[in-house]
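So you can see what is in the structure, the chains are spelled out below.
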Amino acid sequence: CTSNSMTCVRRGPLAIHVKGYSTTEQDDEYSGKPVKKKKVDPNARKVFGSIGRKIPYRLIHIINDNGEDLGNMHRADVIRIMDEKGLKLVPIKENADPPIYKLLTGKQIHEEQLKLREKQKLSSSHGTVQIKELSFSAGIAKHDLDIKTKQILHWIEKKHHVRISVQKGSSAEGNDKLEVLNQITDAVSEHATCVVKPKLIKEGRSAVCVLRPWSEKELREQKKKVKEQPQGTDVSKTESTGLGSV
């Protein structure tokens, strides 16, 4: 102890709470360095769908439901367009600067989800494959249909899968669309089989199917069955409704 004006203090360790410095990212504010933001993983979002009204960025690049590029927009303006036109916002490329989003209708989102599921099914079953897409009207002329069929065969020969969509038919039930698809599958049956059989979508307004090349194993089995079948029997056509179809 010292004089009366001083307080007697016992010497020893004194516990004081001090925030320590470290090399971790959270302490960069003390070193004067800007805090690093985590990068958005472009593969993080596995599901194609609307994000609702909670837009995580102030400025985003917008493409509308007709495919028009609207450029960069403030999120408040995007929400206004969504409300006025009844559209939903879907992320396309979030790691871009600014992030790219697309305005779509509920039906457009559903159609894209169907395509995505088809691609995922193909990838999981046959490894990574390239999927070509072809779309035309049910009223297509025979000459034009022959050209389309040759294009499909060309893709099949390159081991691609082909998604065919037929629209704008005259039949309300969609039978004419299915008939066109059946003509194509018959024409390429020696080279390809159906992954997705011809079916109607969009309440009958469109019909789709997905073709893939025969595998080497299936081709060997076909050749074997040709020898066993009576003359004149087309094995590939009988098998096209079985092997590889879902």
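Structure's up top.
Given the structure is predicted, the values throughout are model-derived calculations rather than measurements. (Residues numbered from 1 in each chain as written. Predicted model: local features only at pLDDT ≥ 70, side-chain atom pairs only at ≥ 80, totals over all residues. Heavy atoms only, no water.)

Caption draft 1: Just the pattern of salt bridges, in detail. Within this structure, the stated rule accounts for seven salt bridges. The closest approach of N and O atoms between Arg80 and Asp77, which form a salt bridge, is 4.0 Å. Separated by three residues within a single helix, Arg80 and Asp77 lie in helix 2 (residues 75-85), roughly one turn from each other. Relative accessible area serves as the criterion here: at 40%, Arg80 is assigned to the partly exposed category. For Arg212, the salt bridge goes to Glu218, with nearest N and O atoms at 2.9 Å. Per residue, the accessibility class of Arg212 equals that of Glu218, and both read buried. Overlapping salt bridges bring together Asp77, Arg80 and Glu84 as one network. (Salt bridge = Lys/Arg side-chain N within 4 Å of Asp/Glu carboxyl O. Helix = DSSP H or I, 4+ residues; strand = E, 2+ residues; numbered from the N terminus. Buried < 20%, exposed > 50% of the residue type's maximum accessible area, 1.4 Å probe, protein only.)

Caption draft 2: Spotlight on the sheet that holds strand 5 (residues 131-137). Overall, mixed pairing links the four strands, which are arranged 5-6-8-7 in an open sheet. Each of the sheet's edge strands pairs with one partner strand only, and the pair in question is strand 5 and strand 7 (192-201). Averaged over all pairs of adjacent strands, the angle between their axes in this sheet comes to 15°, without regard to strand direction. Here strand 6 (residues 161-167) pairs with strand 8 (residues 206-213) via six bridges, running antiparallel. (Pairing = 2+ DSSP bridges. Axes fitted to C-alpha atoms, helices over the stretch in contact; angles between N-to-C directions.)

Caption draft 3: Molecular detail of helix 5 (residues 175-187). Counted at 1.5 Å a residue, the expected span for helix 5 with its 13 residues is 18 Å, and the 18 Å between its end C-alpha atoms agrees. Among all positions in helix 5, only Asp176, Lys177, Val180, Leu181, Ile184 and Thr185 are buried. In this structure, the buried side of helix 5 is in contact with strand 5, helix 4 (142-157), strand 6, strand 7 and strand 8. (Expected span 1.5 Å × (residues − 1). Contact = heavy atoms within 4.5 Å.)

Caption draft 4: Geometry of the layout of surface pockets. Volume-wise, the second largest pocket comes out at about 230 Å³. If you trace the second largest pocket, you find 14 residues lining it, with Lys115, Arg163, Ser165, Gln167 and Lys202 closest to the centre. Among the elements of the structure, helix 3 (106-126), strand 5, strand 6 and strand 8 are those that each provide at least two residues to the lining of the second largest pocket. Per-element accounting of the lining of the second largest pocket gives the leading share, four residues, to helix 3. (1 Å grid on protein atoms, 1.4 Å probe; cavity = no way out; pocket = protein on both sides within 12 Å on 5 of 7 lines; lining within 4 Å. Points joined across faces, edges and corners; volume = space filled by probe spheres on them.)

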